[in-house]
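These are the residues of each chain, in order.
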Amino acid sequence: MQRRHGLLALLFAAPPAKAVEESPYSGRLELGLSERGRIRPCPSNYNCVSTSSLDESHASSWTAPSNESTTEVCELIKDYVLKEGRDRKQAGPVLVVDRLVSDSEPERGRFLSFDVPGTFKDEPDHLEFLIKRTDPVEWEGETDGLSVFFRSSAGGVQWVYPFQTPVSDFGKQRKRMEELRQELGFVLRGCELLECYQ
């Protein structure tokens, strides 16, 4: 009988503190462009939105106004992202990367990366942009202008122990990018609907 109680005590005993502190999702967010020079998709179980994802974390890329150069579009994005932090009077966003994808092939675009105040914990969220000219698509829903590809992801994952289920940020990453798009006057690529232009 004592042996049975001993087994039950082991089964229902609290796990060691180390097991509670370690997230099953830690260390899985790769930053920067992929080897092919593209924005990376979102990893599973992250609060994230990306133009390269093929699941529910997918977002449509944008088209900047046709009269703006790559440098002008990059400056618009930098001004908006960096201004947002100053307006909130907190430890603001930081521009981490601003470079050409390839010095020898400038047509491959320009890459911007920011660390912004985080959704969870002390880790910053990450915003990444690739601005480049793409081949025109000949249909009514497409407009001239530079294409803007992006990823917005939480820097860390809060999860519920013992289920190891990530806590949702209730669409914060998607809302952040939609606000940015509307503020800068970019349109969704390949959309003929009226709401794409508002």
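As shown above, the structure is provided for reference.
Rules and cut-offs
- In this convention, every chain numbers its residues from 1, walking through the sequence in written order.
- Per-residue local features are limited, in this predicted model, to residues with pLDDT of at least 70; the limit for side-chain atom pairs, both in listing and counting, is 80 or more; totals at the level of whole chains, interfaces and linings are taken over all residues.
- Just so you know, side-chain values use all the structure's heavy atoms and leave hydrogens and water out.
- Segments assigned H or I by DSSP are reported as helices when at least four residues long, segments assigned E as strands when at least two residues long, and all are numbered from the N terminus.
- In what follows, residue pairs with any heavy atoms lying within 4.5 Å of each other are defined as contacts.
- Note on areas: Shrake-Rupley, 1.4 Å probe, and residue coverage restricted to the protein chains presented here.
- Note on terminology: a nonpolar core comprises buried Ala, Val, Leu, Ile, Met, Phe, Trp, Tyr and Cys residues joined through side-chain atoms within 4.5 Å.
- Only protein chains enter the area calculation, which uses a 1.4 Å probe; residues under 20% of their type maximum are buried, those over 50% are exposed, and those in between are partly exposed.
- Pairing between strands requires that DSSP locate at least two bridges from one strand to the other.
- Helix span is expected to be 1.5 Å times the residue number reduced by one.
- The arc in question is formed by the directions pointing from the helix axis toward the C-beta atoms.
- Working definition: a ring pair exists when centres of Phe, Tyr or Trp rings (six-membered ring for Trp) sit within 6.5 Å. Plane angles under 30 degrees give stacked, over 60 give edge-to-face, the rest tilted.
- What counts as a disulfide here is a pair of cysteine sulfur atoms lying within 2.5 Å.

Notes on the overall build of the protein chain
And then number 1: Counting its secondary structure elements, the protein chain contains 4 helices and 9 strands.
And then number 2: Counting helices and strands in the order they occur from the N terminus, the protein chain gives α-α-β-β-α-β-β-β-β-β-β-α-β.
And then number 3: Sequence separation of at least 24 residues holds for 60% of the intrachain contacts in the protein chain that already meet a minimum separation of 6.
And then number 4: Working note: accessible area of the protein chain is about 12200 Å², and carbon and sulfur atoms make up 51% of it.

Quick word on the nonpolar core
And then number 1: Ile-77, Phe-129 and Ile-131 are the most contacted members of the largest nonpolar core, which has 22 residues in total.
And then number 2: Elements with a contribution of two residues or more to this core: α3 (70-87), β4 (110-116), β5 (125-132), β6 (147-153) and α4 (172-184).
And then number 3: Setting aside anything within four residues of it in sequence, one finds Ile-131 in contact with Thr-70, Val-73, Cys-74, Ile-77, Gly-109, Arg-110, Leu-112, Leu-146, Ser-147 and Val-148.
And then number 4: By size, the runner-up hydrophobic cluster in this structure holds 6 residues, among which are Leu-33, Ile-39, Val-101 and Phe-149.

Some points on the pairing of β4
And then number 1: For β4, the buried fraction is high: 6 of the 7 residues fall into the buried class.
And then number 2: Relative to β4, strand β3 (residues 94-100) runs antiparallel, the two being bridged by 6 bridges. Opposite Leu-100, over in β4, you have Arg-110 as the bridge partner.
And then number 3: Sheet topology places β4 next to β5; 7 bridges connect them, and they run antiparallel. From the neighbouring strand, Phe-111 faces β5, where its bridge partner is Leu-130.

Some points on α4
And then number 1: Here α4 spans 18 Å end to end across 13 residues, near enough to the 18 Å set by a 1.5 Å rise per residue.
And then number 2: All of the buried residues in α4 are Gln-173, Arg-176, Met-177, Leu-180, Arg-181 and Leu-184. Looking down the long axis of α4, one finds its buried residues gathered within 130° of arc, a one-sided arrangement. Within α4, the exposed residues directed more than 90 degrees away from the buried face are Lys-175 and Glu-183.

Structural notes on the packing of aromatic side chains
And then number 1: Tallied over the full model, the rule gives 3 aromatic pairs.
And then number 2: Ring centres of Trp-62 and Phe-150 lie 4.4 Å apart, and the angle between their planes is 35°; this geometry places the pair in the tilted category. In this pair, Trp-62 is assigned in strand β2 (residues 62-63) and Phe-150 in strand β6, connecting sequence segments 88 residues apart.
And then number 3: Exposure remark for Trp-62: the relative accessible area of 2% places this residue in the buried category.
And then number 4: On the numbers, 6.0 Å between centres and 50° between planes, the contact of Trp-62 with Phe-186 is tilted. One end of the pair, Trp-62, is in strand β2; the other, Phe-186, is in the loop between α4 and β9 (187-188), and 124 residues separate them in sequence.
And then number 5: When its relative accessible area of 2% is taken as the criterion, Phe-186 is described as buried.

Digging into the state of the cysteines
And then number 1: Summed over all chains, the structure comprises 1 disulfide.
And then number 2: Note that Cys-42 is cross-linked by a disulfide to Cys-48, the S-S spacing being 2.0 Å. Around the S-S axis, the bridge from Cys-42 to Cys-48 shows a dihedral of about -75° and counts as left-handed.
And then number 3: The exposure class assigned to Cys-42 is buried, which follows from its relative accessible area of 13%.
And then number 4: Of the residues examined, Cys-48 reaches a relative accessible area of 10% and is grouped as buried.

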